[in-house]
Amino acid sequence: MRNIFLFIRRYFNFLLFLTLQGISIFLIISYSNHHYAAFSRVANNVTGQINSRYSSVQHYFYLKRTNDSLLKANELLYNKLKGNFALPDTTTRSYVDSIRIDSILQYRRYTYVGARVVANSVAAPNNFIVLDRGKKAGIKEGMGVVDPNNAVVGIITETTDDYSVVMSLLHKDSHISGKLKKGEETGTLSWDGKEPNLVSLTNIPKSAKISVGDSVITSGFSTTFPKGIMLGRVEGIYKEASSNYYKVKFFTAANFHNLPYAYVIQNAEQDAVNKILEKINKQP
Amino acid sequence: MSSLVKNILRFILFILFQVYILDKIRLHQMVTPYIYFMFILWLPFKMKRGWLMLLGFLLGFTLDNFRHHPGFHAAACVLIAYVRPFLINLLIPQEGAETNYEEPSFKSLGGILPYLIYSGVLILLHNSWLFFLEAWQFGNFWYFFVKTILSTAVALMLVLSTELLFSRKQPFRTNTA
């Protein structure tokens, strides 16, 4: 027993060094598996407050660009207004039955909630974005995030009362399902950690006809994003050795360098779908 | 100003400077400018190694929380805090010289060259361990290697210019007084 204490006293510094390194590496690994502790919420609240102070100053420098992008978004919305469209002139009029029948009635599935970006990183190998709205605004983990021009930015991974953390597309764990607008082939998104506007789409079959400049959109196969939201434009097509698949690299439609505002997409059916999926996963 | 207050102020200033100024600068994907570890380089000579490591861990962990993925910088800072006393023992010009000055600088290490070696080795260790941990997740050796070399060169320039801009006046202390 005495020898053990002597050993610890003799090598105290080295043991402390090993312990601290162990804690750090444990933090790195456990975070990737989303096993974050209650502590990270406190930390996020503190850094979130400092970040929002800073960003309120920084936002002044982006006002012009923000206005431009909002103008573009408004233009898009105005063009979709019902009043812009006229009914074709026909001699026989068509009526819509006023009886409420399920097949005609439309209901809302997705709701957009606007939020301000208080912190954003691009240069790190795993990038996160912090928004200034959280649980109080009804934001939950797993919701999708788009920029003011309706291009995909990322997915919510953590929420506190007033802040939420978004895992951006530029993160090694970010695997959104995307597809080519022309041929409807679907694939999985991934980022190689290098250039902050170049993301790749893997598992595209070689039968697909792709050309540079094609649009890549969301597939709608997950509960996070509606179908057909812009992801980006194809930059190049690369053959993957010894497989039947292409790797398609594309420029992201969202500009991560300039991101003053973002919208969180709430899906009213997310819980229902996830419950069914859970049931399937539980079965042996 | 007492040593404690000075170091607390330095801690806050270095973290804020790193997060809100250097992290906003995008030089190139291969270069990440770092300067916050100068807090560890500037800690007093007489501080015990255990405290050095704990402070290093705290510094790295604080920066990690701004980046939302804890562990990376904490590991790198603990490593350089552990190695620092060995390096000082090797580089100090004569035995007992560390009692004459409070903390490492051009003067106390005996010239610009020993100080450059001191900071260069620590920065290289910090960057290689940090980028190794990151590359271990991505798994690309050459990317890691080039990034370490370039970032170390940039960080060394930053450290030198900080050292020249903010000269720290340190009185020569003797045992006779």
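Computed from a predicted model, the values in this text were never measured in an experiment.

1. Examining the overall build of chain B
Each helix and strand counted, chain B has 6 helices and 0 strands in total. Scanning chain B from its N terminus toward the C terminus, one meets helices and strands in the order α-α-α-α-α-α. Sorting the 177 residues of chain B into buried and exposed places 36% on the buried side. Once local pairs closer than 6 in sequence are excluded, the contacts in chain B between residues at least 24 apart make up 63%.

2. Some words on the interface of chain B and chain A
Taken together, the 25 residues of chain B in the interface contact 26 residues of chain A. For the side of chain B that touches chain A, the secondary-structure elements that each account for two or more residues are α3 (49–67), α4 (72–91) and α5 (112–138) of chain B. Ranked by the residues each element gives to the side of chain B that touches chain A, the list is headed by α3 of chain B, at 7 residues. In the side of chain B that touches chain A, the residues fall into 12 nonpolar, 8 polar and 5 charged.

3. As for the nonpolar core
Counting residues in each nonpolar core, the largest one holds 43 residues, and the members touching the most others are Leu131, Val152, Val153 and Val166 of chain A. Leaving out residues up to four positions away in the same chain, valine 153 of chain A has contacts with Ile129, Val145, Val146, Asp147, Val166, Ser168, Leu169, Ala254, Leu259 and Ala262 of chain A. If you look at the next biggest cluster of nonpolar residues, it comprises 40 residues, including Ile28 of chain A together with Leu130, Val154 and Ala155 of chain B.

4. Brief notes about the pairing of strand β6 (residues 177–180) of chain A
All names here are of chain A. Pairing between β6 and strand β7 (residues 186–190): 3 bridges, direction antiparallel. Opposite lysine 179, over in β7, you have threonine 186 as the bridge partner. Counting the residues that bridge the hairpin from β6 to β7 gives 5 residues, and of these glutamate 184 lies at a positive phi of roughly 65 degrees. Two strands pair when backbone bridges link them, and β6 and strand β9 (residues 215–218) are joined in this way by 3 bridges, in the antiparallel orientation. If you follow glycine 178 over to β9, its bridge partner there is threonine 218.

5. Points about the sheet that holds strand β1 (residues 110–120) of chain A
Taken in spatial order, the 6 strands line up as β1-β2-β5-β4-β3-β12 (chain A) and close into a barrel, and their pairing is antiparallel. For this sheet the average axis-to-axis angle between neighbouring strands, irrespective of direction, equals 45 degrees.

6. As for the packing of helix α1 (residues 3–20) of chain B against α3 of chain B
All names here are of chain B. Relative to each other, α1 and α3 sit at 35 degrees, their axes nearing to 11 Å. Note that α1 runs across α3; the crossing there is right-handed. Facing α1, whose interface residues are Phe11, Ile15, Gln18 and Val19, α3 presents Leu59, Thr62, Leu63 and Phe66.

7. Observations regarding unusual backbone geometry
Residues and elements named next belong to chain A. The residue asparagine 150 is not glycine, and still its phi comes out positive at about 60 degrees. Along the chain, asparagine 150 falls in the loop between β3 (144–146) and β4 (152–159). One non-glycine residue, asparagine 203, lies in positive phi territory at about 65 degrees. The topology assignment puts asparagine 203 in strand β8 (residues 198–205). We classify asparagine 203 as partly exposed; it has 17 C-beta atoms within 10 Å.

Reading the values: the criteria
Note on numbering: residues in each chain are counted from 1, in written sequence order. Whichever chain is written first becomes A and whichever ligand is written first becomes 1, with later ones labelled in order. Under the rules for a predicted model, residues below a pLDDT of 70 receive no local features and side-chain atom pairs below 80 are neither given nor counted, while totals for whole chains, interfaces and linings still include all residues. Every helix listed is a DSSP run of H or I at least four residues long, and every strand listed is a run of E at least two residues long, numbered separately from the N terminus. Here exposure depends only on C-beta density: within 10 Å of a residue's C-beta, 20 or more other C-beta atoms make it buried, 12 or fewer make it exposed, and intermediate numbers make it partly exposed, the C-beta atoms being placed from the backbone. In this description, any two residues whose backbone-derived C-beta atoms lie within 7 Å of each other are considered to be in contact. Here the term charged refers only to Asp, Glu, Lys and Arg, the term nonpolar to Ala, Val, Leu, Ile, Met, Phe, Trp, Tyr, Cys and Pro, and the term polar to all other amino acids, Gly among them. Buried Ala, Val, Leu, Ile, Met, Phe, Trp, Tyr and Cys residues whose C-beta atoms connect them within 7 Å together make up a nonpolar core. DSSP-based pairing: two strands are paired if at least 2 bridges between them are found. For every element, the axis is a line fit to its C-alpha atoms; helices are fit only across the contacting stretch, and the angle between N-to-C directions ranges from 0 to 180 degrees. Handedness of each helix crossing follows the sense of rotation of the near helix against the far helix: counterclockwise by less than a right angle gives left-handed, clockwise gives right-handed.

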